[in-house]
Amino acid sequence: MRRRLVLSTLAVVVAVMAVLLAPVFVVVDSAADVDEQGSLFARIGVISFFALVAAAALAAVQARQLARPLERLARSAGRVGDGDFTAPSAASGIEEIDDIARSLRLSASRVDRMLDAERSFTADATHQLRTGLTGISIRLELLERHSDPAVVADASAVLEQTHELNATLDELLAVARRGSTGERSRVDLVEIVDDHIDDWRSRFERERRQILVQTRPTTPVNATRGLVGQIFNVLVQNSLRHGAGTVEITVEGTTITIEDEGLGVADDRVAALFERPRDHHAPHGRGLALARRLAESDGGRLELTRRRPAQFRLGYTSAVDLGSPPERLATRPNVQQVVR
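Residues numbered from 1 in each chain as written. Predicted model: local features only at pLDDT ≥ 70, side-chain atom pairs only at ≥ 80, totals over all residues. Heavy atoms only, no water.

Let us look at the overall build of the protein chain. In terms of regular secondary structure, the protein chain is built from nine helices and eight strands. In the protein chain, which comprises 340 residues, the share counted as buried stands at 35%. For the protein chain, restricting intrachain contacts to residue pairs at least 6 apart in sequence, the fraction spanning at least 24 positions comes to 74%. (Helix = DSSP H or I, 4+ residues; strand = E, 2+ residues; numbered from the N terminus. Buried < 20%, exposed > 50% of the residue type's maximum accessible area, 1.4 Å probe, protein only. Contact = heavy atoms within 4.5 Å.)

So, on to the pattern of salt bridges. Per the counting criterion, the structure on display carries five salt bridges. Salt-bridge contacts for R306 lead to E259; the nearest nitrogen and oxygen are separated by 2.6 Å. Here the residue R306 occupies a position in strand β6 (residues 301–306), and E259 occupies one in strand β5 (residues 255–259), the gap between them amounting to 47 residues. For D267, the salt bridge goes to R307, with nearest N and O atoms at 3.2 Å. You can see D267 sitting in helix α8 (residues 267–270) and its partner R307 sitting in the loop between β6 and β7 (311–315), a full 40 residues away along the chain. (Salt bridge = Lys/Arg side-chain N within 4 Å of Asp/Glu carboxyl O.)

This paragraph deals with the side chain of D298. Along the chain, D298 falls in the loop between α9 (287–297) and β6. What makes D298 buried here is its relative accessible area of 0%. In this structure, D298 is in contact with R184, N222, A223, T224, L227, V228 and Y316, ignoring residues within four places of it in sequence.

Another aspect to go through is the packing of helix α5 (residues 189–197) against helix α7 (residues 225–242). Where α5 meets α7, the closest approach of the two axes is 10 Å, and the angle between their N-to-C directions is 55°. With respect to each other, α5 and α7 are oriented oblique. By crossing handedness, the relation of α5 to α7 is classed as right-handed. Within the contact between the two elements, α5 uses L189, E191, I192, V193, D195, H196 and I197 and α7 uses R225, V228, G229, F232 and N233. (Axes fitted to C-alpha atoms, helices over the stretch in contact; angles between N-to-C directions. Parallel < 35°, antiparallel > 145°, perpendicular 65-115°, else oblique. Left-handed = near helix turned anticlockwise from the far one by under 90°.)

One pair of aromatic rings is described through two measures. These are the centre distance and the angle between the planes. Throughout the structure, instances matching the rule amount to one aromatic pair. An angle of 90° between the planes, with centres 6.2 Å apart, marks the rings of F274 and F312 as edge-to-face. Of this pair, F274 sits in the loop between α8 and α9 while F312 sits in strand β7, and the two are 38 residues apart along the sequence. The pair F274 / F312 is uniform in exposure class, with both members buried. One Lys or Arg, R292, reaches over the ring of F274 and ends 3.8 Å from the middle of that ring. (Phe/Tyr/Trp six-rings, centres within 6.5 Å; stacked < 30°, edge-to-face > 60°. Lys NZ or Arg CZ within 6 Å of the ring centre and 35° of its normal.)

It is worth spelling out a nonpolar patch on the surface at this point. Together, V46, F49, F50 and V53 line one region of the surface with nonpolar side chains, adding up to about 410 Å² of accessible area. Tracing the backbone shows F50 in helix α2 (residues 34–81). (Patch = residues over 30% accessible without salt bridge, like charges linked within 9 Å, V, L, I, M, F, W, Y side chains within 5 Å. Areas by Shrake-Rupley, 256 points an atom, 1.4 Å probe, with all protein chains shown as cover.)

This part takes up the environment of A223. In this structure, A223 sits in strand β3 (residues 221–223). A relative accessible area of 0% places A223 in the buried class. A223 sits 72 residues away from A295 along the chain, and the two C-alpha atoms are 9.0 Å apart.

Structure (C-alpha cells):
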C-alpha cells in the first residue's frame, strides 16, 4: 500500500512538472542562443531532479502516515475475528479512518456483551437444571431400593438417563465458559505480544511512561489466539490505569509476565482480586475477573505472583507436551524499548 501511495504521488508530481516545464522549454528553445540553451536546460534538469527527490521524500512520509493507521485497523479487525474484542483505540488524526475504527470498536463491544450475556444465561440455566436433576436423582436412588423389581428396573433406567443428561449439561457449560469463537491451536506468545504492543504506544506516550518487552527462549503453547490477546490487553490496561512507572513485559517459556513500578495490590484486595464486583454498576473491577475466567476456560492460568509491585503471570500448556513437534524456539535476548 505504501508503495502505491509513493508511486501515485510521484506520478502526480511528474505530470505537474511536465505541464509546467513544457512551455519553459519552448520559450528557451526559441528565445535563447544555442550556447545558452544547453546551460539553461542543464539548470532546469538539476532543479527538476531535486524537485523529484523532495517529492519522493514527501510521498514516503505521507504514505507512512496514511498506511500505519490502516495497518493498525487491519490488525484490530483480524483480532476481532479471532475472538479478541478488547483492541485498544488509538487516534490516527485522519477523520475517516478514526470513524471506521470507532465503528469497529463499537461493533466488537456489542458482540462481546452479547456473547457474555449468552454465556451467563447458559451457565445460570445449566445450574438451575442441574439442581433439579440432582433432586430427581435422589428420589430415583430411593426408588431403586423398592421391593418391586419392576419399579427398581424403571428407576435404574431413568437414573441412567439422568446421568447422561448431567454429562450433556456439563459439556454445554464447558462450551459456555470457553467463550471463544475459534479453536485452540499452536500459538506463539512472542508473536501475540509483538502484534498487540504497538497499539499501546500512544496511550503510554500520553502518560509519559515506558513499556518494555523482553523475550527469552519460548515454546509454542496450546491456546486460542484471540483469547490470549484479550487477556494480554486487560493486563496491560490494568498496569496503565492502576500501576505506575515502567511496565515490563517478559515472554519466557510458556508464560507472559507483566509488572510495573506502582504501589501494588493492597492486602485487603488480594483475596477478591479476581472476583466479579457485586455491584453490577461498578466502573472498575471486572477486567481481571474476566481475564482469569478466559484463561481458565482456554486451559491457561492467570495469577498474581507478587503483590508489591504488582506482577501478573499468564501461563499455558506447551504444545510440545501434547505430542506435536516444536516449530521453533523464539530467542530474542535483546530488550526492546517500545515506548519512551
